[in-house]
Amino acid sequence: MFAMFSKLGKVISSAGSERFASDMHALLVESIPLAITRMTEWTLDEPAGEVVHVQSLGAFGAPGDDGRSSGPAAHGERQPAAHPLLNRIVAACDRQLIHINPLMRSGNGGEVAPSRGPEGGFQCHLVSSKANRRYVISLHRTVSHCDFSLQEMSFLKNFADTLLPLVEWHASTRRHGDLEGTTMPAVEALRQEFESRLARAAVVLSARESEVCLGL
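Parameters and conventions
- Residues numbered from 1 in each chain as written.
- Predicted model: local features only at pLDDT ≥ 70, side-chain atom pairs only at ≥ 80, totals over all residues.
- Heavy atoms only, no water.
- Phe/Tyr/Trp six-rings, centres within 6.5 Å; stacked < 30°, edge-to-face > 60°.
- Helix = DSSP H or I, 4+ residues; strand = E, 2+ residues; numbered from the N terminus.
- Buried < 20%, exposed > 50% of the residue type's maximum accessible area, 1.4 Å probe, protein only.
- Lys NZ or Arg CZ within 6 Å of the ring centre and 35° of its normal.
- Pairing = 2+ DSSP bridges.
- Axes fitted to C-alpha atoms, helices over the stretch in contact; angles between N-to-C directions.
- Contact = heavy atoms within 4.5 Å.
- Salt bridge = Lys/Arg side-chain N within 4 Å of Asp/Glu carboxyl O.
- Expected span 1.5 Å × (residues − 1).
- Bend = angle between axes of the 7 residues up to and from the residue.
- Polar contact = N/O pair within 3.5 Å; in protein donor to acceptor, adjacent residues only side chain to side chain.

Visitor: Can you tell me about the packing of aromatic side chains, naming the residues and giving the values?
Guide: Evaluated as defined, the whole model comprises one aromatic pair. Measuring from ring centre to ring centre gives 5.4 Å for F155 and F159, while their planes differ by 45 degrees; the resulting arrangement is tilted. Residue F155 and its partner F159 are located together in helix α4 (residues 150–176), separated by four residues, close to a single helical turn. With relative accessibility at 26%, the residue F155 sits in the partly exposed group. Using a relative accessible area of 11% as the deciding quantity, one classes F159 as buried. Over the face of the ring belonging to F148 we find R141, whose NZ or CZ atom lies 4.2 Å from the ring centre.

Right under this line is the structure:
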């Protein structure tokens, strides 16, 4: 548990930087095996019900057998019109988990593994909606793995309430530049109120513990 909170602190502190994707991947593989972790921001034309742009927010991993291989994954995104998540992304109105590429059944009732190749393997996508944007954490496993279990998907869905706001923050930071040296009244007000409550309760936290609490 301590290791997970330590890695969560690293994810929070790396928001807006190139390390964010690798730190997010390291946090997730602490609990479940993954090959690739990819994050994207989708911009919608809501009146038309169309996706106008898909922006990569970072990716990490490689299609290895243990889900813990290092190195950056490809950052290229397919055109929105060809993406298998298109309709569900457009319809998303809250945080949700989308599971695609489960085992398919053959004509005789037997199970057939998903195809090999760029779109092969098993996938879970965590999605959040904010104004005309959708934020997506895409988690990939190769065909050498088992599919995501119900227990793993329950864990991911619960964890999404922590992870997706961090992705939104990461995307906002990238859009508006480095947060250092800028004025953030809401964040500073939150920090001051948090420190005031700690002082009233006579609680002392380390810098890392405070960073994690503020991020959450």
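Visitor: Tell me what's going on with the sheet that holds strand β3 (residues 96–100), and back it up with residues and numbers.
Guide: Across the sheet, which stays open at both edges, the five strands sit in the order β2-β1-β7-β6-β3 with antiparallel pairing between neighbours. Each edge of the sheet is formed by a strand with only one pairing partner; in this case those strands are β2 (50–61) and β3. Neighbouring strand axes in the sheet, compared pairwise and without regard to direction, differ in orientation by 20 degrees on average. Bridge analysis of β3 against strand β6 (residues 122–130) gives five bridges, and the strand direction is antiparallel. Across the sheet, residue L97 finds its bridge partner in β6, namely L126. Running over the sheet, helix α2 (residues 20–28) touches β1 (36–45), β2 and β7 (133–141) and is turned about 120 degrees from β1.

Visitor: So what about the pattern of salt bridges? Which residues, and what values?
Guide: Two side chains carrying opposite charge are able to pair once their charged atoms lie near each other. Overall, the coordinates contain seven salt bridges when judged by the stated rule. The partner of E30 in a salt bridge is K7, with the nearest N and O atoms 3.3 Å apart. Of this pair, E30 sits in the loop between α2 and β1 while K7 is found in helix α1 (residues 2–13), placing the two residues 23 residues apart along the sequence. In this structure, E41 and R133 form a salt bridge, with 3.4 Å as the shortest nitrogen-oxygen distance. Of the two residues, E41 sits in strand β1 while R133 sits in strand β7, which places them 92 residues apart along the sequence. Assessed through its relative accessible area of 25%, R133 is described here as partly exposed.

Visitor: Run through α4, naming residues and quoting values.
Guide: Here α4 is 27 residues long and its end C-alpha atoms lie 38 Å apart, about the 39 Å a rise of 1.5 Å per residue gives. At A160, α4 shows its largest bend, some 50 degrees.

Visitor: How would you sum up the side chain of S138? Please name residues and give values.
Guide: If you trace the backbone, S138 turns up in strand β7. Taking the relative accessible area as the measure of exposure, S138 reaches 7% and is therefore buried. In terms of polar contacts, S138 uses its side chain to reach the side chain of H125, at 2.7 Å. The contact partners of S138, leaving out residues within four places of it in the chain, are I36, T37, R38, C124 and H125.

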